[in-house]
Amino acid sequence: MKLLLSLTWIALLLGVLPRAFGAELINGAGATFPEPLYSKWFSEFQKVEKEIRINYQPIGSGGGIQQFLRDTVDFGATDAPMTNEELAKASRPVLHLPTVLGAVVVTYNLPGVSAKLQLTGELIAEIYLGKITDWSDAKVKALNPKLNLPKQPILVVRRSDGSGTTGIFTDYLAKVSAPWKNSVGAGKAVSWPVGLGGKGNEGVASLVKQTPGAIGYVELVYAKTSGLPYAAIQNKAGKFVEASIQGVTAAAAGSLKMMPADFRVSITNAEGAGSYPISGFTYLLVYQTMKGEKGKGLVKFLRWALRDGQTYAEPMAYAPLPGSLAKKVIAKVDGITIQ
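Residues numbered from 1 in each chain as written. Predicted model: local features only at pLDDT ≥ 70, side-chain atom pairs only at ≥ 80, totals over all residues. Heavy atoms only, no water.

The backbone phi angle of aspartate 71 is positive, close to 60°, even though this residue is not glycine. Aspartate 71 gets classed as partly exposed once you look at its relative accessible area, which sits at 39%. (Buried < 20%, exposed > 50% of the residue type's maximum accessible area, 1.4 Å probe, protein only.)

Below is the structure:
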């Protein structure tokens, strides 16, 4: 009798547990840009919805989009919106859901230089084109006359993987530099004229930190956590602006008036004296139609992220969505169909 009861319980558990664990585990992959915040979100959300677990792989926006299109993950994440060509490959309609905003900063390693560097977009483009190769170059000195810049070669560091951070950075350079636009262009992956590649924001920050003379671009939080300085960038109004929550929010202000229905928008080189010029939204990619318990769980998370989750953004150096935009994104989530 005891053996029969034991076998009965085992059979019940085998029938229930796979279904429970299947409903709990939601898989996503993509951008490293928002990964510090997303890790916090997933942890905090599980305290609210204990039966739902979210696994996220920060493999870069390009990799996230590829896995999303192959249906090997339940959601993707990118800082650069999918192109029309990428959307055409999707098995069903895709939603771009902005989650927060962030800043891409130009970080550097210049021992002995304590004051903040000032850079223009045109000069950054010349460095990344390989036309300016030393920190003592006259053009760099002209922007920073009070700094004792060393005669030291510049090591350019950029992303080696398909990257939404690269998408924002190159989108900005294409807007402010005709030579960059004509020879390299903008995108999540470009043909770099020069430089050493690092994987993910973390990889770029690590290379810059360990290499005197290096320059790189990363999301703001990676510069802060690595203890790296980052330049004040001249914006469209001619002001040198440091990356900040306020500067990113100011950059987004103009786009809110003309936000497209699918939320795919660029806010680099925005108007406004206080705008930080290398700013962008970061997006979660989900399907308009989802299936079963995973779909229900993902919708629950999205609603939480767009409401309660926004309170975690600013302490982690991201800008929360403006309230008016958050309402529109929540409306999109409410329109998701669960089959």
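Still more ground to cover, so stick around.
Here we take up the layout of surface pockets. Each pocket or cavity is described by its volume, and for the largest pocket that value is around 460 Å³. Taken together, 26 residues make up the lining of the largest pocket; nearest its centre are Ala80, Pro81, Gly167, Gly187 and Lys188. Elements that contribute at least two residues to the lining of the largest pocket include exactly α3 (61-69), α7 (164-176) and β11 (279-287). When grouped by side-chain class, the residues that make up the lining of the largest pocket number 11 nonpolar, 10 polar and 5 charged. Elements with a contribution of two residues or more to the lining of the second largest pocket: β12 (289-290) and α12 (292-306). The element best represented in the lining of the second largest pocket is α12, accounting for 3 residues. (1 Å grid on protein atoms, 1.4 Å probe; cavity = no way out; pocket = protein on both sides within 12 Å on 5 of 7 lines; lining within 4 Å. Points joined across faces, edges and corners; volume = space filled by probe spheres on them. Helix = DSSP H or I, 4+ residues; strand = E, 2+ residues; numbered from the N terminus. Nonpolar A, V, L, I, M, F, W, Y, C, P; charged D, E, K, R; others polar.)

Turning our attention to the side chain of serine 163. Along the polypeptide, serine 163 turns up in the loop between β6 (155-159) and α7. Relative accessible area serves as the criterion here: at 0%, serine 163 is assigned to the buried category. Each residue touching serine 163, except ones within four places of it in the same chain, is listed here: Ser61, Gly62 and Lys188. (Contact = heavy atoms within 4.5 Å.)

Before going further, it helps to spend a moment on the sheet that holds strand β5 (residues 118-119). One open sheet accounts for 3 strands, arranged β5-β9-β10; its pairing is mixed. A strand with exactly one partner marks an edge of an open sheet, and here the two such strands are β5 and β10 (240-241). For strand β9 (residues 232-234) and β10, the ladder comprises 2 bridges, and the chain directions are antiparallel. Counterpart to isoleucine 233 in the pairing with β10 is valine 241. (Pairing = 2+ DSSP bridges.)

The geometry of helix α2 (residues 35-48) relative to α12 is characterised by a closest axis approach of 11 Å and an angle of 110° between their N-to-C directions. On the basis of their axis angle, the class for α2 and α12 is roughly perpendicular. Judged by the sense of rotation from one axis to the other, the crossing of α2 with α12 is right-handed. Seen from α2, the contacting residues are Trp41, Phe42, Glu44, Phe45 and Val48; seen from α12, they are Gly297, Lys300, Phe301, Trp304 and Ala305. Along the lines of polarity and charge, the residues of the contact of α2 with α12 split into 7 nonpolar, 1 polar and 2 charged. (Axes fitted to C-alpha atoms, helices over the stretch in contact; angles between N-to-C directions. Parallel < 35°, antiparallel > 145°, perpendicular 65-115°, else oblique. Left-handed = near helix turned anticlockwise from the far one by under 90°.)

Taking 1.5 Å as the rise per residue, α7 with 13 residues should run 18 Å; its terminal C-alpha atoms sit 19 Å apart, in good agreement. Burial analysis of α7 places 11 of its 13 residues in the buried class, which makes it a mostly covered element. (Expected span 1.5 Å × (residues − 1).)

Using a probe with the size of a water molecule, rolled over the atoms, empty space left in the structure can be pinpointed. Scanning the model with the defined rule gives 1 cavity of 30 Å³ or more in all. Size it by volume and the largest cavity reaches roughly 30 Å³. Forming the walls of the largest cavity are Leu97, Thr99, Leu284, Phe301, Leu302, Ala305 and Leu306. Secondary-structure elements contributing two or more residues to the lining of the largest cavity are β4 (94-108) and α12. Among the elements that take part in the lining of the largest cavity, α12 stands out by supplying 4 residues, more than any other.

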